[in-house]
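Summary of structural features
Below are the chains, spelled out letter by letter.
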Amino acid sequence: MAGLKGALIGCGFFAINQMHGWNDVEGAEIVAICDRDPERLKLVGDQFGIERRYSDAEAMFADGGFDFVDIATTVQSHRALVEMAARNKIPAICQKPFARTLSEAKAMVEACRAAGVALMVHENFRWQTPIQAVRKALDAGAIGTPFWGRFSFRSGYDVFSGQPYLAEGERFIIEDLGIHTLDIARYILGDVSALTARTKRVNPGIKGEDVATILLDHENDATSVVDVSYATKLSKEPFPETLIELDGSEGTIRLSQGYGLEITNGRGTTRMDVSPKLLPWASRPWHNIQESVFAIEQHWVDQLRRGAEHSTSGADNLKTFALVEAAYDSAARGQTIDIGAML
Ligand code: NAD
Ligand code: 89Y
């Protein structure tokens, strides 16, 4: 079967990973790129040998010649670009955060549904090798029925030098990083019925919150804590590892710093190294994220060809995005938020 042709919009900091990922994916290639910044367009076009270059997304869609679009811009342009893809009947991948608000996200999902085109959010963290290993252990029944979890991302890594806009928004860690941690919590323990959150800003040089502690009531009766921080200075920097603790009816799972997975149950304790692969184009410590970019892109192609729903479809991502919005709302009002009422 002929490979799919893709177009990428937004040639910024993270798009470099996405372009490397596409080079490795089986069954797809990027044939056109777009960025309104001529320097970024040239840099990415030259690095990856892409001839078709556009400064305007409308012009790229008008010329056509591609089967899907990969939107790698920041959140402000996501709605316009996803709706442009829907109008042009082109399946779309959109980076996280999917939208500025839940109502905007719902409109984007509806536009793609009405146009009959696939929509996947580039919510890649659940595709990380260590997270997949935890999911596999649970699916194999290693700890029986999980009743409690902790999903933790605590770091002092300087994310602002690569992504300066992160220091400038009214919202920071929940919208940028906690969104992934909340998605992992859903992926591992299932959908959420209620949420309570507290936030703080510790770093005086940024506008938004850089610490959040979130309590989740899952629909299956499990309880979990999602705790995220970019104000945590440790002797050994864990960026960008998500650490997981799960207690179940038959045992426990611990995913600890350094990608160690420990499973304890009636048969004793097993320890495994679940480190991500260091792909040839990747660099530490980002290789965990970079490998998951390749994995989600391959998943996009495989499911598109099968005509099957994506793990992080637009519709699925509404349930993660609702948790982001609920976390801000809960922290602002000091109240527990009913998630079902938001969806
Ligand atoms: P960036 O600002 O470096 O790059 C965005 C690029 O998009 C810029 O070059 C800009 O000129 C271009 N752009 C913006 N609007 C456009 C439009 N309408 N048409 C054409 N070009 C346009 O941002 P970044 O750091 O690369 O982040 C991009 C997105 O990726 C963000 O939403 C961010 O949250 C996300 N991100 C995801 C991960 C992950 O692991 N999933 C990691 C880092 C960043
Ligand atoms: O933007 C963020 C993301 O999605 O993963 C890590 C990050 O680059 C900084 O928090």
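Above this text you will find the structure in question.
Values in this document were obtained by computation on a predicted structure and should not be read as measured data.

**Considerations on the site of ligand 2**
Taken together, Lys96, Phe125, Val159, Gln163, Asp176, His180, Tyr230 and Trp286 make up the full set of residues near ligand 2. One nitrogen or oxygen atom from the side chain of His180 is found 2.7 Å from an oxygen atom belonging to ligand 2. Within the complex, the protein chains bury 94% of what would otherwise be the 270 Å² of accessible surface of ligand 2. Of the residues belonging to the shell around ligand 2, the class tally is four nonpolar, two polar and two charged.

**Concerning the packing of aromatic side chains**
Applying the stated criterion across every chain yields a total of twelve aromatic pairs. Each ring, one from Phe160 and one from Phe172, has its centre 5.3 Å from the other, and the planes form 50 degrees; the classification is tilted. Note that Phe160 is positioned in the loop between strand S7 (146-154) and helix H7 (173-189) and Phe172 in the loop between S7 and H7, a separation of twelve residues in sequence. Overall, the relative accessible area of 18% leaves Phe160 in the buried class. Look at Phe172 and you get buried, because its relative accessible area is 1%. The interplanar angle of 15 degrees and the centroid separation of 5.6 Å between the aromatic rings of Phe172 and Tyr230 together place this pair among those described as stacked. Within this pair, whereas Phe172 is found in the loop between S7 and H7, its partner Tyr230 is found in the loop between strand S10 (223-229) and strand S11 (243-248), the two being separated by 58 residues in sequence. Taken together, the ring pairs in this structure connect Phe13, Phe153, Tyr157, Phe160, Phe172, Tyr230, Phe239 and Trp286 into an aromatic cluster.

**Structural notes on the environment of Leu195**
Tracing the backbone shows Leu195 in strand S8 (residues 192-200). Between the C-alpha atom of Leu195 and that of Gln18, which follows or precedes it by 177 residues, the distance is 32 Å. For Leu195, the residues in contact, after removing those within four places along its chain, are Ile214, Leu215, Leu216, Leu323, Ala326, Ala327, Ser330, Gln335, Thr336, Ile337 and Ile339.

**Focus: unusual backbone geometry**
Note the cis peptide between Lys96 and Pro97, where omega equals -20 degrees. By the secondary structure assignment, Pro97 is in the loop between strand S5 (92-95) and helix H5 (102-115). Residue Pro240 is bonded to the preceding Phe239 through a cis peptide linkage, with omega at -5 degrees. One can find Pro240 in the loop between S10 and S11. Here Asp221, not a glycine, exhibits a phi torsion of approximately 85 degrees, which is positive.

**Some thoughts on the nonpolar core**
Note that soluble globular proteins tend to have their nonpolar side chains buried in a common cluster. Within the largest apolar cluster, 91 residues are counted, with the highest numbers of intra-cluster contacts made by Ile188 and Leu246. Residue contributions to this core peak at ten residues, all from H7. Built from parts of two domains, this core gets at least three residues from each of domain 1 (4-117) and domain 2 (126-278 + 319-342). Filtering out sequence-adjacent residues up to four positions away, Leu246 remains in contact with Val134, Leu138, Ile143, Trp148, Gly149, Phe151, Ile188, Leu189, Gly251, Thr252, Ile253 and Arg254. Listed in part, the 22 residues of the second largest apolar core include Ile33, Phe48, Phe68 and Ile296.

**Considerations on the site of ligand 1**
If you check the shell around ligand 1, you find 25 residues, and the closest are Phe14, Asp35, Lys96, Asn124 and Tyr165. Backbone polar atom of Phe14 to an oxygen atom of ligand 1: 2.8 Å apart, as the coordinates give it. Arg36 is positioned such that a nitrogen or oxygen atom in its side chain is 3.3 Å from a nitrogen atom of ligand 1. Against a free-state accessible area of 850 Å², the protein chains account for coverage of 88% of ligand 1.

**Description of the sheet that holds strand S3 (residues 52-54)**
Reading across the sheet, the six strands line up as S3-S2-S1-S4-S5-S6 and stay open at both edges, with parallel pairing between neighbours. If you trace the sheet from one side to the other, it starts and ends with S3 and strand S6 (119-122), each paired once. Averaged over all pairs of adjacent strands, the angle between strand axes in this sheet comes to 25 degrees, irrespective of strand direction. By the bridge criterion, six bridges tie strand S1 (residues 4-9) to strand S2 (residues 28-34) in an arrangement that is parallel. What sits directly across from Leu8, in S2, is Ile33. Sheet strands in contact with helix H8 (residues 287-306) are S1, S2, strand S4 (68-71), S5 and S6, and its direction is about 175 degrees off that of S6.

Cut-offs and rules
Residues numbered from 1 in each chain as written. Chains lettered and ligands numbered in written order. Predicted model: local features only at pLDDT ≥ 70, side-chain atom pairs only at ≥ 80, totals over all residues. Heavy atoms only, no water. Near = heavy atom within 4 Å. Polar contact = N/O pair within 3.5 Å; in protein donor to acceptor, adjacent residues only side chain to side chain. Areas by Shrake-Rupley, 256 points an atom, 1.4 Å probe, with all protein chains shown as cover. Nonpolar A, V, L, I, M, F, W, Y, C, P; charged D, E, K, R; others polar. Phe/Tyr/Trp six-rings, centres within 6.5 Å; stacked < 30°, edge-to-face > 60°. Helix = DSSP H or I, 4+ residues; strand = E, 2+ residues; numbered from the N terminus. Buried < 20%, exposed > 50% of the residue type's maximum accessible area, 1.4 Å probe, protein only. Contact = heavy atoms within 4.5 Å. Core = buried A, V, L, I, M, F, W, Y, C linked by side-chain atoms within 4.5 Å. Domains from an automatic or database assignment. Pairing = 2+ DSSP bridges. Axes fitted to C-alpha atoms, helices over the stretch in contact; angles between N-to-C directions.

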